[in-house]
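Summary of the model geometry
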Amino acid sequence: MTESQDLDLTPRDADDVSVGRKRLRNWLIMGTFTAVIGFVLFQALTSAAQFYYNVDEAVARRGELEDSTFRIQGTVTSEQAPDANGALIFTIAYGGVDTAVRHVGAEPSDLFEIGIPVVSEGHWEGDVFQSRQLLVKHSESYEAENPDRVEYDLDDTPGYVPDNTVE
Amino acid sequence: MLGVLSAVGVAALLLFGLILSPPDVAQADSVRLFYIHVPSAIVGLYLAFGVTCLGSIIHLRNGSVFWDLLAGAAAEIGVVFAGFTLVTGMLWGRPTWGVYWQWDPRLTSTSLSFLLFLGYLAVRRLDLDPAVRSKRAAILGIIGFLNLIIVRQSVQWWRSLHQGSTLNPVDAQIDGLMLFSFFLGLIALTSVFFWLLLHRFRVAWMEHQIEAASVTTALAARRSEAADYDGLAGNT
């Protein structure tokens, strides 16, 4: 019998502290990952799944949505000068139905104008949608700016009467 | 060669994207983000994560280390491109939508993809048996790629703030020089991706070889020590 046969050659486990740290690290990584994915999935199921109601749907479900904050989508059909409180007042339409919107909050982007679709977040107050956030949608079309294009202001057009139907 | 092509492509993209292409009639100069935002989304999400998915499938079928390492390398670059897509999208969102971020279907599903592949990379670094780790990562790589179907279809399946697809094969709704700048961006970023993939994979492959060699060397050293010990014991 040689002395090497007296050696303990059985595999040895790493010390408990090292194994514990590795396990903790693995659980921390996977726990963080799961929590973040869970948060995004929650957003997907709540906000993203029903991002907005179109004007016709929001008007039809006014009673049901009365106490809720939600988003409404429609195309801007008319715009008034801001009221005494600085609120932006305009109408939006979709599916043959229109509604008045009174927006108080951050100004919309420069793309905001008559004819552009917008998504507004807020709530019903009577027949007027009280908006606190106004998002401008842009289309998937891209057209080069033409330097020869004639620019004009609608207000300067002879015979143009601004729509002031929104009270 | 690929590096030179990438550098030339990026230089041409900067020239066309920033100077030669015209501003958009509605969005003015912010449309220039289109030439990097969309190509980086295509390259990062679909090309890079596509390579990860393919590599993961082949690795699960035959245990190929080559495809496992290629999948990991592609995912690392894909995450960088996907992150770049999210950042450029936010920068574009501010002047157009009026906000940097909204939890709309396209943005939510894209951020989920980004996180799934970050998770894929995290799994690849877990302190587990290498074979188990690679298998788990491969499964996550395939799931992450399947989520891209949701990303792609999100603007059709749900109501989104994000616009639909501009690049309709039948009728692309974009002016000539703008479309050219976009394709230039796609070619340039694809070239950058393959150049980075080549180098990242080479590093991963060398790391694997060194690891394998070090195990072989350590085994040989232990056997040699045991033989020396036996010889020494036999002489006494």
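About the cut-offs
- Residues numbered from 1 in each chain as written.
- Chains lettered and ligands numbered in written order.
- Predicted model: local features only at pLDDT ≥ 70, side-chain atom pairs only at ≥ 80, totals over all residues.
- Helix = DSSP H or I, 4+ residues; strand = E, 2+ residues; numbered from the N terminus.
- Buried ≥ 20, exposed ≤ 12 C-beta atoms within 10 Å, placed from the backbone.
- Contact = placed C-beta atoms within 7 Å.
- Nonpolar A, V, L, I, M, F, W, Y, C, P; charged D, E, K, R; others polar.
- Domains from an automatic or database assignment.
- Pairing = 2+ DSSP bridges.
- Core = buried A, V, L, I, M, F, W, Y, C linked by C-beta atoms within 7 Å.
- Expected span 1.5 Å × (residues − 1).

A look at the overall build of chain B
Along the backbone of chain B there are six helices and zero strands. In chain B, the order of α-helices and β-strands from amino to carboxyl end is α-α-α-α-α-α. Taken along its principal axes, the extent of the C-alpha atoms in chain B is 95 × 40 × 30 Å. Across the 236 residues that make up chain B, the buried fraction comes to 42%. The long-range share in chain B, meaning contacts at least 24 apart out of those at least 6 apart in sequence, stands at 77%.

Things to note about the interface of chain B and chain A
By a widely used convention, the size of an interface equals the accessible area lost when the partners come together. Contacts between chain B and chain A engage 44 residues on the former and 36 residues on the latter. For the side of chain B that touches chain A, the secondary structure elements donating two or more residues are helix 3 (65–96), helix 4 (105–124) and helix 6 (176–235) of chain B. Examining the composition of the side of chain B that touches chain A, we find that eight residues originate from one element, helix 4 of chain B, more than from any other. Partitioned by chemical class, the residues of the side of chain B that touches chain A number 23 nonpolar, 15 polar and six charged.

A look at the environment of Ile-116 of chain A
By the secondary structure assignment, Ile-116 of chain A is in the loop between strand 4 (97–103) and strand 5 (117–125). If near-sequence neighbours (up to four positions away) are discounted, Ile-116 of chain A is found in contact with Thr-75, Val-76, Leu-111 and Val-136 of chain A.

Things to note about the domain arrangement of chain A
Domain parsing of chain A yields domain 1 (15–49) and domain 2 (53–140). One C-alpha centre belongs to domain 1 of chain A, the other to domain 2 of chain A; they are set 39 Å apart.

Quick look at the pairing of strand 2 (residues 70–79) of chain A
Residue and element names in this part refer to chain A. Pairing analysis gives two bridges linking strand 1 (residues 53–54) to strand 2, with the strands arranged parallel. By the bridge assignment for strand 2, Tyr-53 is matched with Ile-72. In the sheet, strand 2 pairs with strand 5 via six bridges, with the strands oriented antiparallel. Paired with Gln-73 across the strands is Val-119, a residue of strand 5.

Considering the nonpolar core
Counting 52 residues, the largest nonpolar core has Ala-48, Leu-70, Ala-74, Ile-77, Phe-117 and Phe-193 of chain B as the members making the most contacts within it. Contributions of two or more residues to this core are made by helix 1 (2–20), helix 2 (34–62), helix 3, helix 4, helix 5 (130–157) and helix 6 of chain B. Setting aside residues up to four positions removed in sequence, Phe-117 of chain B forms contacts with Phe-49, Ala-75, Gly-78, Val-79, Ala-82 and Gly-144 of chain B. The next biggest cluster of nonpolar side chains, apart from the first, holds 22 residues, and it includes Ile-72, Tyr-94 and Trp-124 of chain A together with Trp-97 of chain B.

Brief notes about helix 2 of chain B
If you check helix 2 of chain B, its first and last C-alpha atoms are 40 Å apart, about what 29 residues at 1.5 Å a residue would give, namely 42 Å. Backbone geometry just after helix 2 of chain B places Gly-63 of chain B at a positive phi near 70°.

Some details on unusual backbone geometry
The phi torsion at Ala-28 of chain B lies on the positive side, around 55°, for a residue other than glycine. One can find Ala-28 of chain B in the loop between helix 1 and helix 2.

Here's the deal with helix 3 of chain B
One turn of the α-helix equals 3.6 residues, which is why residues spaced by three or four share an orientation. Counted at 1.5 Å a residue, the expected span for helix 3 of chain B with its 32 residues is 46 Å, and the 46 Å between its end C-alpha atoms agrees. Looking one or two residues past helix 3 of chain B, Gly-98 of chain B carries a phi angle of roughly 105°, positive in sign.

Some thoughts on the pairing of strand 5 of chain A
Residue and element names in this part refer to chain A. By the bridge criterion, eight bridges tie strand 5 to strand 6 (residues 128–136) in an arrangement that is antiparallel. Opposite Trp-124, over in strand 6, you have Phe-129 as the bridge partner. Between the antiparallel neighbours strand 5 and strand 6 lie two residues, among them Gly-126 with a positive phi of about 70°.

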